[in-house]
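Per-entry structural report
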Amino acid sequence: IHSTTGENPFADWSEVMVPYVTADFHAGAGNLTFTGADGKEHILHHQGYTNLQKILQRVREWFPSPEQLLICGESAGAFGVAAVSGDIMDAFPDCSDVTILCDSAMVPYDGWGDTSRELWQSPPHIADAVHSDNITLDWFKAIH
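Residues numbered from 1 in each chain as written. Predicted model: local features only at pLDDT ≥ 70, side-chain atom pairs only at ≥ 80, totals over all residues. Heavy atoms only, no water.

**A look at the packing of helix α2 (residues 76-91) against helix α5 (residues 135-143)**
Helices that pack against each other are described as a pair by the angle of their axes relative to one another and the distance between those axes. Here is the rule: Angular values range over 0 to 180 degrees, each being the angle between N-to-C directions of two axes fitted as lines to C-alpha atoms, with helices fitted over their stretch in contact. Only DSSP runs of H or I covering at least 4 residues are called helices, and only runs of E covering at least 2 are called strands; the numbering of each starts at the N terminus. Roughly parallel means an angle under 35 degrees; roughly antiparallel, over 145; roughly perpendicular, 65 to 115; everything else is oblique. Crossings are sorted by hand: turned counterclockwise from the far helix by less than a right angle, the near helix makes the crossing left-handed, and turned clockwise it makes it right-handed. By definition, residues are in contact when any of their heavy atoms lie within 4.5 Å. Each residue gets one label: Ala, Val, Leu, Ile, Met, Phe, Trp, Tyr, Cys and Pro are nonpolar, Asp, Glu, Lys and Arg are charged, and the others, such as Gly, are polar.
Contact geometry for α2 and α5: axes closest at 8 Å, N-to-C directions at 15°. If you check the angle between α2 and α5, you find them roughly parallel. For the crossing formed where α2 meets α5, the hand is left-handed. For the pair α2 and α5, contact is made by Phe79, Val81, Ala82, Ala83, Ser85, Gly86 and Met89 and by Ile135, Thr136, Trp139, Phe140 and Ile143, respectively. Of the residues that constitute the contact of α2 with α5, the class distribution is nine nonpolar, three polar and no charged.

Written out as structure tokens, the structure reads:
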């Protein structure tokens, strides 16, 4: 929860926090079945994108036409900011004052495209945007 003191420029803003709980940078829409070390079959629910869409439906009810948006995240949440800021902006098409802040989302990896498509089963507009070892930059380029 942010401070409501006068020093905070966001003191009178409304805040919505989307917890990161699905290990897919808010970009997943699928389930991964795997065999665990215990020899049993398990399911990892990569449903971050699905969850975000449900949250956005609710947020649009509460805040139908915000004047400004600040979309921010850190660490794993920062990857999510890059992945879904376009979706958030699309949810509020009349809001032209949008700031995106992504802090600490840099993990070079040649397999991000396959991870997004095959493991997380991200929607095409997210998975198809990944072309390099820098998933954050690729997602930001897609937003731009």
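After that view, the rundown keeps rolling.
**A look at the environment of Leu137**
Inspection of the secondary structure assignment puts Leu137 in helix α5. For the pair Leu137 and Phe79, spaced 58 residues apart in sequence, the C-alpha to C-alpha distance is 9.6 Å.

**Observations concerning the environment of Asp133**
Here Asp133 shows up in the loop between α4 (124-127) and α5. Along the chain, Asp133 and Gly111 lie 22 residues apart, while their C-alpha atoms are 7.0 Å from each other. Non-local contacts of Asp133, meaning those with residues more than four positions away in its chain, are made with Val107, Pro108, Tyr109, Asp110 and Trp112.

**Examining the pairing of strand β3 (residues 68-74)**
Two faces make up the sheet, and in a regular strand the side chains alternate between them. Test applied: Think of it in three bands: residues with accessible area under 20% of the maximum for their type are buried, residues over 50% are exposed, and the middle band is partly exposed, with areas taken using a 1.4 Å probe on protein chains only. Should DSSP find at least two bridges between two strands, the strands are regarded as paired.
Going residue by residue along β3, you find Leu69, Ile71 and Gly73 tucked away on one face and Gln68, Leu70, Cys72 and Glu74 left uncovered on the opposite face. Looking at chain direction, β3 and strand β4 (residues 97-103) are connected through seven bridges and run parallel. By the bridge assignment, Leu70 is partnered in β4 with Thr99.

Such coordinate-based values are descriptive only and should not be taken to indicate function.
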